[in-house]
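Coordinate inspection notes
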Amino acid sequence: MVATRDHTAAGTGETVAERLRLGLDRLTRSERHLAGTLLADYPVAGLTNVAELARRAGVSAPTVIRMLQKLGFTGYPEFQEALRSELAAQFSTPLTKYARGASRAPDGHMLNRFSGAVIDNLQSSLRIADHRSFDAIVERLADQDHGVHMVGGRLSRVLADYLFTQLHGLRPGVSVLPGTTTLWPQHLANMQDGDTLVIFDVRRYERDLIELAEIAARRGAVIVLFTDQWMSPISAVARHVLPLRIEAPSSWDSLAVPMIMVEALLAATAERIWPDAAERLGLMEQLFDEMRQFRK
């Protein structure tokens, strides 16, 4: 039975995108190409008919059906129903999330329920985490020959600000885009070919961020996307995508797992460039002392 109520695929608690990533090792070469086509334009690519999806991926219609069966679907209709459920989840508002959570909330203190959800989110996110992608992002953040820029949405901007503050302490050439979108063209003008733009975009995906990503990609920036299990449309132009679980028993989604991923990337980046980072941190400590910023 399709898990339409919790917006997950085939009743497993996983989105279609997560099942694709988890099942890549079991797929043939043509099936992996098909999976890449689905993920590159997710979930829209899967909402067309079988023949059109097969054409776009350059595979046969039977290949599409075989791959879906490997993922646990009985057929194409069940696969599409799971995608439509995910689309509904993407457009959830704080009001609808609260109403849905209240109707099925188990007994127990909120602290326990919330922390349990965060732990589940972390475990699920780590299960599909690609260490090669993680390492590639670290290389981008550590590349001091190119700038690193970051931006977030209305609620996820706090992650961009935190990444900026910490990464700027490790290396120069780091900037964060302001919340005022009318100032973004100046920042786009400063981006050089080969720079990295880190974007935090979770549901309900913001049009300004999507447009920014498309323009920056056309200008030669490498897009690194932090998103949720339903995947921001920015994934279509991103070179590296980190899909992370964010649902919580609340009107708002939880940014706990994205924050953990940010801190893990910062730790790996510091390790990667430590001699330079140590020198910069030492200089900053000296300047903090001169400005009497911290209590001694």
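All figures in this text were calculated on a predicted structure; none of them were measured in a lab. (Residues numbered from 1 in each chain as written. Predicted model: local features only at pLDDT ≥ 70, side-chain atom pairs only at ≥ 80, totals over all residues. Heavy atoms only, no water.)

1. Side note on the nonpolar core
For clarity, the cut-off: Put simply, buried Ala, Val, Leu, Ile, Met, Phe, Trp, Tyr and Cys residues joined by side-chain atoms within 4.5 Å make one nonpolar core. The rule is simple: take the accessible area with a 1.4 Å probe, protein chains only, and divide by the maximum for that residue type; under 20% is buried, over 50% is exposed, in between is partly exposed.
Grouped together as the largest cluster of nonpolar side chains are 48 residues, with contacts concentrated most on Val64, Met67 and Ile199. Grouped together as the second largest cluster of nonpolar side chains are 28 residues, Phe134, Val138, Ala160 and Val257 included.

2. Some points on the pairing of strand E5 (residues 240-244)
Rule in force here: Think of it this way: any DSSP run of H or I at least four residues long counts as a helix, any run of E at least two long counts as a strand, and we number them from the N terminus. At least two DSSP bridges between two strands are required for those strands to pair.
Within E5, 5 of the 5 residues are buried, which leaves the element mostly enclosed by the surrounding structure. Residues His240, Leu242 and Leu244 point to one face of E5 and Val241 and Pro243 to the other, with burial holding for every one of them. Of the strand pairs in this sheet, strand E4 (residues 222-228) and E5 are connected by 5 bridges, and their pairing is parallel. Across the sheet, the residue bridging to Thr227 is Pro243, located in E5.

3. Structural notes on unusual backbone geometry
A cis amide bond links Tyr42 with the next residue in sequence, Pro43, at an omega value of -5°. Across the junction of Arg203 and Arg204, the peptide omega takes the value 5°, indicating a cis bond. Assignment of secondary structure puts Arg204 in the loop between strand E3 (196-200) and helix H11 (207-218). Positioned with a positive phi, Met231 is a non-glycine residue whose angle comes to about 75°. As for its position among the elements, Met231 is in the loop between E4 and E5. Positive phi, close to 55°, is recorded for Arg292, a residue that is not glycine.

4. What about helix H7 (residues 110-128)?
Operational definition: Expected helix span is computed as 1.5 Å times (number of residues minus one). The arc in question is traced by the directions running from the helix axis to the C-beta atoms.
The first and last C-alpha atoms of H7 sit 27 Å apart over 19 residues, in line with the 27 Å expected at 1.5 Å per residue. Listing the buried residues of H7 in full gives Ala117, Val118, Asn121, Ser125 and Ile128. Projected down its long axis, H7 carries its buried residues within an arc of 100°, all on one side. Opposite the buried face of H7, at more than 90 degrees from it, the exposed residues are Leu111, Asn112, Leu126 and Arg127.

5. A word on the packing of aromatic side chains
The geometry of two aromatic rings is summed up by the distance between their centres and the angle between their planes. The test is simple: Pairs were defined over the aromatic rings of Phe, Tyr and Trp, the Trp ring being its six-membered one, requiring ring centres within 6.5 Å. Orientation was assigned from the angle between planes: stacked under 30 degrees, edge-to-face over 60, tilted for the rest. Ring-over charges, as used throughout, are those where CZ of Arg or NZ of Lys falls within 6 Å of the ring centre and within 35 degrees of the ring normal.
One pass over the full model with this rule turns up 4 aromatic pairs. Relative to Phe294, the ring of Phe288 has its centre 5.1 Å away and its plane inclined at 80°; by these criteria the two rings are edge-to-face. One aromatic cluster is present, built from ring pairs that chain together Phe73, Tyr76 and Phe79. The ring of Phe73 has Arg19 lying over it, and the distance from NZ or CZ to the ring centre is 5.6 Å.

6. Overview of empty space enclosed by the protein
Gaps left between atoms are located by rolling a probe of water-molecule size over the structure's atoms. Operational definition: Grid spacing is 1 Å over the protein atoms alone, the probe is 1.4 Å, and a cavity is where that probe fits but cannot get out, while a pocket is an open set with protein on both sides within 12 Å along at least five of seven lines and lining residues have an atom within 4 Å of a point. Grid points are joined across faces, edges and corners, and a volume is the space filled by probe spheres set on the points.
Considering all chains together, one arrives at 1 cavity of 30 Å³ or more under this definition. The space that makes up the largest cavity amounts to roughly 40 Å³. Along the walls of the largest cavity sit Ser156, Leu159, Phe200, Asp201, Val202, Phe226, Thr227, Leu244, Leu255 and Pro258, which together make up its complete lining.

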